[in-house]
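Each chain, letter by letter, is given below.
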Amino acid sequence: MKHQHSRRDFLTTTAAAAVAIAAPLVIPRSVLAQGDTPGANERIGVAGIGVGRQGGPVFTEAARHKATQAVCTCDVWLKRAQDMAKNTGAADAYQDYRKVLDRKDVDAIVTATPEHWRSLICINAALAGKHLYVEKPITLTINDGILIRKAIRKTNIVFQCGSMQRSYRENYLGCKMIQEGKLGRITEVIAANFETPWYNDLPAQPIPEGLDWDMWCGPTEPVPYHIDLFTPRANPGWLSFRPYSGGEMTGWGTHGFDQIQCALELDDTGPVEIIVEGGKLDPPTYDKPESLARGNKICSEPRLKYRFANGVTVHLGKEETSGGTTKFVEGNRGGAIFIGDKAKSEIFRSKVTTNPPELVTEYFEAHADLKLPSHVSNWIECIPERKRPIGDFESGHRTASICHLLNIARYLGRSLKWDPEKEIFIADNEANSWLIRPHRKGFELPEV
């Protein structure tokens, strides 16, 4: 998706407007997605789909914004949806997300389901004209992202990826400092060595009352219920298992890679090469509850790096030798280490450091008056005039795509050439077959 202005222009404009930003209390429905007859005191009707560990707090913030009205909640575990509805003043709670999409009083949706559900909900919600706040990673496959993009373009909804660090003042300024060339020309970046997912064969346990387990499985083939599959991070939780997630490569990786994409102003593109250093991954299968440790150790190999067309290489950890000693240097999970020809900087979760240290001190002092709305508020405040939010679809899609490319390369055990414009591997049918996953009958993706 091409944009008329650069990311730097967008960030500068956002910063200038952020201090004075104030969302209206009364918003005519005529400027929202539904196009119904405007009412006298219309607010943005918000719903939550998947209101658990991450979706609950995000939906709560959206529901309590002065420009919104909580309408309904939805979760495969009905009690969780009902509890969230009660806590936010929403009138109804559902287990089937399609009932949310059918409501004309729902203008915008916060969704934070497991990753295997993201594309189906996002595409159908976008086609229904609902504005979307989608937890990262926004896709399970690259093809999912391409289809979501088509649906967004068709209805022109406002889409915010839940890459919340973009709205953290320190992260924002850290990226802006790099964009303005304060480090000089960036030559390389060091990220964390994020883990690829492995497989699940956990034994069956009784399904909790009120949980629609078949709906949780959704587009994937049904498997027995187990608490350590149903829970996001447990022993080990669905975040570590294919086909529900991209592992910590997408779980944490979308935080770190997002900051790289932002700082390098590459939100509308991707790498041209994935480089594999080592043999093919042989992921384990967990057949009983077990910590992340063994799976993460196995699935952090082979070593990976990727290169952009501008020559910048991103290492998922890097061996460095100093004074005759070689050690493995790894970036942090929420950001990265940026190495320029003038200076060096590390960005991580509301913290930015530089070498020399006075560089960040002086830069932050020069921007002491900068204030930003929260990530959720930014999304809500963009809806009335359909403005582009700070973590728009394309940035979220391109970041998730990097995670998927790295996982594919690790599974295949070989380096790959990528065309970021066509979004296909170059002359590699085997690799291209990994860009899409089948959905089981009854949960197929719609035609866009």
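The preceding data block contains the structure.
Because the structure is predicted, anything quoted here is derived from the model rather than measured.

Glancing now at the overall build of the protein. Assigned secondary structure in the protein consists of 16 helices and 19 strands. Relative to the globule expectation of 22 Å for 448 residues, the C-alpha radius of gyration of the protein, 22 Å, shows essentially globular dimensions. Expressed along its principal axes, the backbone C-alpha trace of the protein runs to roughly 70 × 55 × 40 Å. Classification of the 448 residues of the protein by burial places 59% in the buried group. Within the protein, counting contacts between residues at least 6 apart in sequence, those at least 24 apart form 71% of the total.

Inspection of the secondary structure assignment puts threonine 139 in the loop between β5 (131-134) and α6 (142-155). At 3.4 Å, the side chain of threonine 139 and the backbone oxygen of threonine 141 are in polar contact. Engagement of the side chain of threonine 139 in a polar contact is seen with the side chain of histidine 404, the distance being 3.1 Å. Ignoring anything within four residues of it in the chain, the contact list for threonine 139 reads Glu115, Asp144, Gly145, Ile148, Ala400 and His404.

If you check α6, its first and last C-alpha atoms are 21 Å apart, about what 14 residues at 1.5 Å a residue would give, namely 20 Å. A large share of α6 lies buried, amounting to ten of its 14 residues. Of the positions making up α6, those classed as buried are Ile142, Asn143, Asp144, Gly145, Ile146, Leu147, Ile148, Arg149, Ala151 and Ile152. In the core, the buried residues of α6 are packed alongside α5 (115-127), β6 (159-161), α15 (393-412) and β18 (416-419). Downstream of α6 by a residue or two, asparagine 156 has a phi angle that is positive, lying close to 60°.

Bringing the sheet that holds β6 into the picture now. Here we have six strands laid out as an open sheet, ordered β3-β2-β1-β4-β5-β6, and parallel in their pairing. The outermost strands of the open sheet, each flanked by one partner alone, are β3 (92-94) and β6. Put simply, the sheet's adjacent strands are angled 20° from each other on average, direction ignored. In the sheet, strand β4 (residues 108-111) pairs with β5 via four bridges, with the strands oriented parallel. Across the sheet, residue valine 110 finds its bridge partner in β5, namely tyrosine 133. Together, β1 (44-49), β4, β5 and β6 form the strand contacts of α5, whose direction differs from that of β5 by roughly 160°.

Attention shifts here to the sheet that holds β18. Across the sheet, nine strands lie side by side as β17-β16-β15-β7-β12-β11-β9-β18-β19; this open sheet has mixed pairing. Edge positions in the sheet fall to β17 (351-355) and β19 (424-425), since each of these pairs with one other strand and no more. Two elements, strand β7 (residues 186-191) and strand β12 (residues 313-316), share four bridges in a ladder whose sense is parallel. What sits directly across from glutamate 188, in β12, is threonine 313. Seen against the sheet, helix α7 (residues 169-179) touches β7, β15 (336-340), β16 (344-348) and β17 and runs at an angle of roughly 30° to β17.

Contact geometry for α5 and α6: axes closest at 8 Å, N-to-C directions at 15°. Taken as axis vectors, α5 and α6 run roughly parallel relative to one another. Considering how the two elements wind past one another, α5 and α6 form a crossing that is left-handed. Only Asp144, Leu147, Ile148, Ala151, Ile152, Lys154 and Thr155 of α6 make contact with α5, whose side of the interface consists of Ser119, Cys122, Ile123, Ala126 and Leu127.

With that settled, consider the nonpolar core. Judged by nonpolar contacts, the single largest core of 52 residues is most densely connected at Val189, Phe257, Ile260, Leu264, Tyr306, Phe338 and Leu406. Counting residues per element, this core draws most heavily on α15, which supplies seven residues. Apart from the residues within four sequence positions on either side, phenylalanine 257 is in contact with Ala191, Phe194, Met249, Tyr306, Leu316, Thr399, Ile402, Cys403 and Leu406.

Turning to the pattern of salt bridges, a few remarks are in order. Inspection of the entire model under this criterion finds 26 salt bridges. Across the pair glutamate 248 and arginine 233 runs a salt bridge whose closest N-O atoms are separated by 2.8 Å. Separated by 15 residues along the polypeptide, glutamate 248 in helix α10 (residues 248-251) and arginine 233 in the loop between α9 (227-230) and α10 bring together distant segments of the chain. A residue is classified by how much of its surface remains accessible, and glutamate 248, at 6% relative accessible area, is buried. With a closest N to O distance of 2.9 Å, glutamate 430 and arginine 414 form a salt bridge. Here arginine 414 lies in the loop between α15 and β18 and glutamate 430 lies in helix α16 (residues 429-432), a separation of 16 residues in the sequence. Each of Arg149, Glu394, Arg398 and Glu423 takes part in a single network of salt bridges with overlapping partners.

A separate point is the packing of aromatic side chains. Each aromatic ring pair is characterised by the separation of its centres together with the angle its planes make. With the rule as written, the count across this model stands at 18 aromatic pairs. Aromatic ring contacts, followed pair by pair, group Trp77, Trp213, Trp216, Tyr225, Phe230 and Tyr244 into a single cluster. Here the basic side chain of arginine 303 rests over the ring of phenylalanine 328, its NZ or CZ set 4.0 Å away from the ring centre.

Let us now look at helix α13 (residues 358-366). For α13, the complete set of buried residues consists of Leu359, Val360, Tyr363 and Phe364. Considered in projection along α13, the buried side chains sweep an arc of 115° and stay on one side of the axis. α13 presents Glu362, Glu365 and Ala366 as exposed residues on the side facing more than 90 degrees away from its buried surface. Residues of α13 that are buried in the fold lie against α7 and β17.

Quick notes on the rules
- Positions within a chain are numbered from 1, following the residues in the order the chain's sequence is written.
- Whole-chain, interface and lining totals are the exception, using all residues; otherwise, since this is a predicted model, local features are given only for residues with pLDDT of at least 70 and side-chain atom pairs are given and counted only at 80 or more.
- Side-chain descriptors were evaluated using all non-hydrogen atoms of the structure, hydrogens and water having been removed beforehand.
- By definition, any uninterrupted DSSP run of H or I lasting at least four residues is a helix, any uninterrupted run of E lasting at least two residues is a strand, and each is numbered from the N terminus.
- As defined in this context, the radius of gyration uses C-alpha atoms, and a globule is described by 2.2 Å times the residue total to the power 0.38.
- Only protein chains enter the accessibility calculation, which uses a 1.4 Å probe; a residue whose area is less than 20% of its type maximum is buried, one above 50% is exposed, and one in between is partly exposed.
- Here, residues are in contact when the closest pair of their heavy atoms is within 4.5 Å.
- Polar contact criterion, stated in full: a pair of N or O atoms within 3.5 Å, where within protein one must be able to donate a hydrogen and the other to accept it, and residues adjacent in sequence count only if both atoms are side-chain atoms.
- Here the expected length of a helix is defined as 1.5 Å per residue gap, with one fewer gap than residues.
- Note: two strands are recorded as paired if DSSP finds a minimum of 2 bridges between them.
- Orientation is described by axes fitted as lines to C-alpha atoms, over the contacting stretch for helices, and by angles from 0 to 180 degrees between their N-to-C directions.
- Here roughly perpendicular refers to angles of 65 to 115 degrees, roughly parallel to angles under 35, roughly antiparallel to angles over 145, and oblique to all remaining angles.
- It is the rotation of the near helix from the far one that decides the hand of a crossing: anticlockwise by less than a right angle makes it left-handed, clockwise makes it right-handed.
- The criterion is simple. A nonpolar core is a set of buried Ala, Val, Leu, Ile, Met, Phe, Trp, Tyr and Cys residues joined through side-chain atoms within 4.5 Å.
- For salt bridges, the criterion is a side-chain nitrogen of Lys or Arg within 4 Å of an Asp or Glu carboxyl oxygen.
- Here a pair means two rings of Phe, Tyr or Trp (six-membered ring of Trp) with centres within 6.5 Å. Their orientation is stacked below 30 degrees between planes, edge-to-face above 60, and tilted elsewhere.
- By definition here, charges over rings are those cases where NZ of Lys or CZ of Arg is within 6 Å of the ring centre and within 35 degrees of the ring normal.
- The arc refers to the directions leading from the helix axis to the C-beta atoms.

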